[in-house]
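Descriptive structure summary
If you want the building blocks of each chain, they are given just below.
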Amino acid sequence: MSSILPTSPTGSTASSSPSISTYSNPGGPPVTFSGVISGLNTQAIIQALLAAYEQPQIDLGNQIQTLQSHLADYQTIVTDLSALETQASSLMQPQQLSQMSATTSNPQVATATAGAGAVPSSLSFTVAQLAQANVLASSATVSSLSSTVATGNFLLSSSAAGAGVTSLAGSSLQVGTHTFSVTSALEGATVTGSSSLGSPVTIGSSNDTLTAVINGTSYTLTIPSGTYTPSQLAAAIAQASNVGSSPLLAATVTSQGQLQLSTTLLGSGSSLQITGGTALTTLGLSAQASAAVGSAGSVTLDGTTTSINNVQAGSTVTLADGSGGSITIGIGDGGLRQGSFSAAEIASGNGSLQQVIDNINAAGAGVTASAVQVAPGSYLLQLVSDQTGTNAAISVEAGPLQGALGGFTTVTAAQNAEVTIGGSGGYLVSSQSNQITGVLPGVTLSLVAAQPPGSQPVSVSVTPNGQQLASTIQSLVDAANKVLSDINTYAGYNAQTNQGGPLMGDATLNALTDQILGVVAQALGQGGLSATQAGITVTKNGTLSFDAAAFAAAYDQNPTQVSSLIAQSGTFEPSAAAYAGDVSLVYAGTSTQPGSYQVVVTQSATEAADAGNVLSSGAITNAETLTVSQGAQSVQYAANAGASLDSIAAGLNAAFASAGMAMQASVVSTSSGSQLVLQATTYGSAGDFTVTSTAAGSGQTGLVTTANTPTTFAGLNVAGTIDGVQATGNGQILAAPASDPTLGGLTLQVTTPGITSATTLGTFTYSPGLAGQLGLVAASAAAPATGSLQATISGIQQQISMLQQQYNGYTPMIQSEQRMLEQEFASMEAQLGSLRNVGSELASQISQLP
C-alpha cells in the first residue's frame, strides 16, 4: 500500500513518518527562546502567536491522514477482489471441476488413481504377472573385494534390449557412453492378429493347425494341445514352426493382446502369408490375399552408419564406430526396432571387484552393481537394472569378466506386467512398468501382486468425488465473503453502535455487494439447477453460505449439471447446417463479457502436407535417405533399393513417434499405383516441416523435386474476426485480443475446412457460469488500468498529492514568522536589558548622593 505523508519540518526531530495530528509546531523548529530579562514565558507567547499560522497546515495534515486511511481501505478491498478473481479463475473451465476418485475391489492386487480427463466408468481385470527388473549374478565368486575380476574393459547397457539387441561385445572402444540409432528397423515379415487373444486359450484337435507360406515355402504348423496364457501360446507357436532346431517364426503378444507372428529371417528377403488352418479364429488371424514382406535395417553407431539385411534372428552383426573401434551386437527374434539406445564402455581400472563396481555405478548406464557376500570369504557380483520391463534388460559383455566370475546367471528375468482386461475372454495389456495407463481415461492402475489362474477379477470404479471438489468451492465462497465483509466494515452501517464505516455511502462499493450476491442468486446450470440446490446460498445478513455436504451430494449425483452451474460454457448457432459444431469454446478470461458474438472466418486452418510420386510398383528403385525436420526435432530414415512405400511409411512413423514429432506418413492408393504422403498431425504453422532426400526423380519417393535440397511444407493458421474484432490464428485456434474490453481474450476452436474468403459461420454465445461471473465482477472493479475501484484509488492519490504540495507550501511561511517573532522578542529583551542596566546605573548614582 502506498503512503503519502507530509514532510517533516526543517530541523524537526520527529520520526520519518510523523503523525500530523500531534504537531504542535509543524512548520518550524521547536521554540526554545525564553524571557530571561523580562521574566515572561516568551516561548509560550511565540507558540501561541504561531498557532494561527500553523492551523491551516495542521488541517491539511489531518485531511491527508484521512485520505490515506481511505486509500488503505480501498486497497484492502482491491486485494480481496484480486483473491476472488484468482479463485474464480481456478474454477472457470469445465475440466477444472472434474474431480473423480478411482477405487479397486482388491487393493492387495492393484490400486487406482484418477487424474485429469477421468470420467465415471468401470471395468474388471486380472493381473497375470508383475513387471520385474532384470537381476544378474556372477556364476562364480571371489574371495574379497580386492580380488581381480576383470581382465579388460567391457560394455554394459540397460537400453539395448529395447531395440532388440541381445548381446554386446566391443573392440578398441573409448571408455564412456556410445550412442546407437536404429534409423531403419530391421524386420522380418510380420502379421498381427485383428483381435486380442483370450486368457486362457485352450488348444485341441479342432483348432490346432495353422498354414502359411514362409519365405516362399508352404508349411503347416501344428500347435500342441493344452491350455495357455497368451505368452505361453506365442511360445508354443514359435516352437511349432521349427525346421530342424531353428524356428521359422517368432511369436509375441502385443500390448493390446493381439498375436504377432514374424519371420526369423530379417530383411527385405523375408515374406509371410497366412493361408488357413483350424486355429485361425482362436488366434485372431485370417487368411491373407498377399504376403507381408520384411525390411532392411540401418544402424548408426557414434555417427557411423551400417546397413543390415537378410540376416537370421539370433545372429550377430559388427558395427564400426568411425574411430577405429567396433561393437558386435546380437539380433533378437523381432529384429531391430527403430529408436535410440546407448551402451557404456566400462573401464576395468585395477580389475578388482570393488573397482568394477565403482566404475559401473559411476557410468550412468542404468545398472546398479554390488558385491554380495554369500559366505565368509565368498563374494559374487550382482547387477540390477534400474527399471522394470523387458526393454530394460541388462546386456553385459561377459568376456573380460569370464575368467574370475564365470559369466552371469539370471536371478530375476526382465519381465513386463500383463493384465487381462475384462476377465476371461478379455484382451491383454502389456506394460514395461507396474503402472498401467490408457485402459480408462485419466486412470492409472498401480499393480501390487499377480493373481493365480482362475482368480476373481478385480474391478476398478471411477466415481465423482464431490467431497474433494467441495473444498475448492469453499475457497471460492470464502473469497467472496471476504470481499463482502470488508465492504461492510468500511462502507456499511453498524446498527448496534449507530456508526457508519469510513467509506459509507460509496455507490461503487454498494454496487459490488449487490453484484456478488446477485451472481449467486441468479446462477442457473443445466436443468435449471440453482446455486442454492448446489449448497451455495445468500443469507439475510448479506453474505454467502456454503453447505459442503449438499454440494457433494449434488455433484456425485450429476457432475455435469453442477459443472454447468459453476464453469463457463458456450453454444454455437451456425449460419448454415454445414457449419454445425464447427466452433467451440477453448478459453475465456475473467474479463470476457457474457454475450453473443458473430464469427467470421477468412481462411481455414490446414495441415502441412507433402505428397510424393505415384509408383506403379509401390516400391522405390534406388536407395534413398529421407531427413524430416519439424521444429527442433529431426529424424532420418534410410530406405534400401526396392524398399516398399509401406515399409518406408512404417519406418518413418516409428521414427516420428520416437522423436515425439507431430507427423505421420501414409501410403495412398490410386488407380495408377501408390503414393507416399507426409502430413503434420497439428494444424497451422506449428506443424511446418522440412524434407531433404538423397534421391529425387522418377522411381523415388518424390517427396522433394531436387536431391539434397531442403524443401519446406507449411500449414495455414485460421484467420478471421470475433464480434468484428480481428483475432489471431494459431492452427485451428482463433483468439481475440486479451486487451479487448468486451471479448477479453475469448478463444475459439474453428474446424471448418476449405474457407478461402470471408464467411460468416454463425454466432457464438458465451456464458461465464457462477465462477466466471464472480471473476468478472472482481476484474471489473480491481483491474489495474480500468477497474472502477482503481479509478477511485487514483483519485485519492491525486488529492493526497495536491494536499501534500499545499502542506509543504506552508512550511517556509511558518518558519519565517517564527524567526520574525523570535527576533522581535530578542530585540525586546535586549532593550529591556539595556534599560535595566541604565536603571541600575541610576540607582547606583542616586545611592551615592549626599
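Fair warning: this is a prediction, and the values are worked out from it, not measured in the lab. (Residues numbered from 1 in each chain as written. Predicted model: local features only at pLDDT ≥ 70, side-chain atom pairs only at ≥ 80, totals over all residues. Heavy atoms only, no water.)

On to the overall build of the chain, then. The helix and strand tally for the chain stands at twelve helices and 53 strands. The C-alpha atoms of the chain give a radius of gyration of 42 Å, which is well past the 29 Å a tight globule of 850 residues would have. Oriented by its inertia axes, the alpha-carbon framework of the chain measures out at about 165 × 80 × 65 Å. Buried positions account for 45% of the 850 residues belonging to the chain. For the chain, restricting intrachain contacts to residue pairs at least 6 apart in sequence, the fraction spanning at least 24 positions comes to 70%. (Helix = DSSP H or I, 4+ residues; strand = E, 2+ residues; numbered from the N terminus. Rg over C-alpha atoms; globule rule 2.2 N^0.38 Å. Buried < 20%, exposed > 50% of the residue type's maximum accessible area, 1.4 Å probe, protein only. Contact = heavy atoms within 4.5 Å.)

Across a sheet, paired strands are connected by hydrogen bonds in the backbone, their directions being either parallel or antiparallel. Taking strand neighbours across the sheet as the criterion, the four strands line up as β26-β27-β4-β29 in an open arrangement whose pairing is antiparallel. Of all strands in the sheet, those with a lone pairing partner are β26 (367–375) and β29 (408–412), marking the two edges. Taken pair by pair, the neighbouring strands of this sheet meet at an average axis angle of 30°, ignoring direction. Taken together, the four bridges between strand β4 (residues 133–138) and strand β27 (residues 378–388) define a ladder with antiparallel strand orientation. For A137, the partnering residue across the bridge sits in β27 and is Q382. (Pairing = 2+ DSSP bridges. Axes fitted to C-alpha atoms, helices over the stretch in contact; angles between N-to-C directions.)

Moving on, we come to a nonpolar patch on the surface. Nonpolar side chains collect at one region of the surface, where V838, L842, I846 and L849 lie side by side and expose about 390 Å² of accessible area between them. Along the chain, V838 turns up in helix α12 (residues 788–847). Taking the relative accessible area as the measure of exposure, V838 reaches 41% and is therefore partly exposed. (Patch = residues over 30% accessible without salt bridge, like charges linked within 9 Å, V, L, I, M, F, W, Y side chains within 5 Å. Areas by Shrake-Rupley, 256 points an atom, 1.4 Å probe, with all protein chains shown as cover. Salt bridge = Lys/Arg side-chain N within 4 Å of Asp/Glu carboxyl O.)

The next thing to look at is the packing of helix α1 (residues 42–89) against helix α11 (residues 769–782). At a minimum axis distance of 8 Å, the contact between α1 and α11 shows a crossing angle of 150°. Comparing their axes, α11 and α1 come out roughly antiparallel. The two elements α1 and α11 cross, and the hand of that crossing is left-handed. Contact residues: α1 offers V78, L81, S82, L84, E85 and A88, while α11 offers A771, L774, G775, A778, A779, A781 and A782. Each residue belonging to the contact of α1 with α11 can be placed in one class, and the counts come to ten nonpolar, two polar and one charged. (Parallel < 35°, antiparallel > 145°, perpendicular 65-115°, else oblique. Left-handed = near helix turned anticlockwise from the far one by under 90°. Nonpolar A, V, L, I, M, F, W, Y, C, P; charged D, E, K, R; others polar.)

The subject of this paragraph is the environment of S669. In this fold, S669 is placed in strand β45 (residues 663–670). When the C-alpha positions of S669 and L615 are compared, they lie 9.6 Å apart, and in sequence the two are 54 residues distant.

A word on the environment of V583. As for its placement among the helices and strands, V583 is situated in strand β40 (residues 583–587). What makes V583 buried here is its relative accessible area of 6%. Sequence separation between V583 and A609 is 26 residues, and the spatial gap between their C-alpha atoms is 24 Å. With residues up to four places along the chain from it excluded, the contact list for V583 reads F572, L748, Q749, V750, L761 and F764.

So, about unusual backbone geometry. The phi torsion at S172 lies on the positive side, around 55°, for a residue other than glycine. Mapped onto the elements, S172 comes out in the loop between β6 (165–171) and β7 (176–184). Looking at S172, the relative accessible area reads 60%, which means it is exposed. Positive phi is not limited to glycine here, since N708 has a value of about 60°. By the secondary structure assignment, N708 is in the loop between β47 (689–693) and β48 (711–713).

It is worth spelling out the sheet that holds strand β33 (residues 443–447) at this point. In space, the three strands of this open sheet follow the order β2-β33-β32, with antiparallel pairing throughout. At either end of the open sheet lies a strand with only one pairing partner, and these are β2 (110–114) and β32 (435–437). Direction aside, the axes of adjacent strands within the sheet are offset by 25° on average. Summarising the sheet, β32 and β33 pair through three bridges and their orientation is antiparallel. Each bridged residue has a counterpart across the sheet, and for I436 the counterpart in β33 is L445.

In the structure shown here, the tally under the stated rule is four aromatic pairs. The interplanar angle of 15° and the centroid separation of 6.2 Å between the aromatic rings of F551 and Y555 together place this pair among those described as stacked. Remark: Y555 and F551 occur in helix α8 (residues 548–557); sequence separation between them is four residues, near one turn of the helix. The class for F551 is buried, based on a relative accessible area of 0%. (Phe/Tyr/Trp six-rings, centres within 6.5 Å; stacked < 30°, edge-to-face > 60°.)

Moving on, we get to α8. Taken together, the buried positions of α8 are occupied by F551, A552, A554 and Y555. The buried residues of α8 all sit within an arc of 165° when viewed along its axis, so they share a single face. Seen from the open side of α8, the exposed residues pointing more than 90 degrees away from its buried face are A549 and Q557. For α8, the side-chain oxygen to backbone nitrogen distance between the N-cap and A549 is 3.2 Å, and the N-cap itself is D547. (Arc of directions from axis to C-beta. Polar contact = N/O pair within 3.5 Å; in protein donor to acceptor, adjacent residues only side chain to side chain.)

All right, on to the confidence of the model for the chain then. Residues with a pLDDT of 70 or more make up 95% of the chain, whose mean pLDDT is 90. The low-confidence segment residues 1–25, where pLDDT is below 50, has 53 contacts with residues more than four positions distant or belonging to other chains. (pLDDT = per-residue confidence, 0-100.)

Moving on: the pattern of salt bridges. In this structure the tally under the stated criterion is two salt bridges. For K482, the salt bridge goes to D80, with nearest N and O atoms at 3.3 Å. With K482 in helix α6 (residues 466–491) and D80 in helix α1, the pair connects residues that are 402 residues apart, well separated along the chain. Look at K482 and you get partly exposed, because its relative accessible area is 40%. Shared partners join several salt bridges into a network, and the residues in it are D80, K482 and D486.

Taking 1.5 Å of rise per residue, the 14 residues of α11 would be expected to cover 20 Å, and the 20 Å separating its terminal C-alpha atoms lies within 8% of that figure. Here α11 has its buried residues at G769, L770, A771, G772, L774, G775, L776, V777, A778, A779, A781 and A782. Where α11 is buried, its residues touch α1, α6, α7 (507–522), α9 (559–566), β53 (759–767) and α12. (Expected span 1.5 Å × (residues − 1).)

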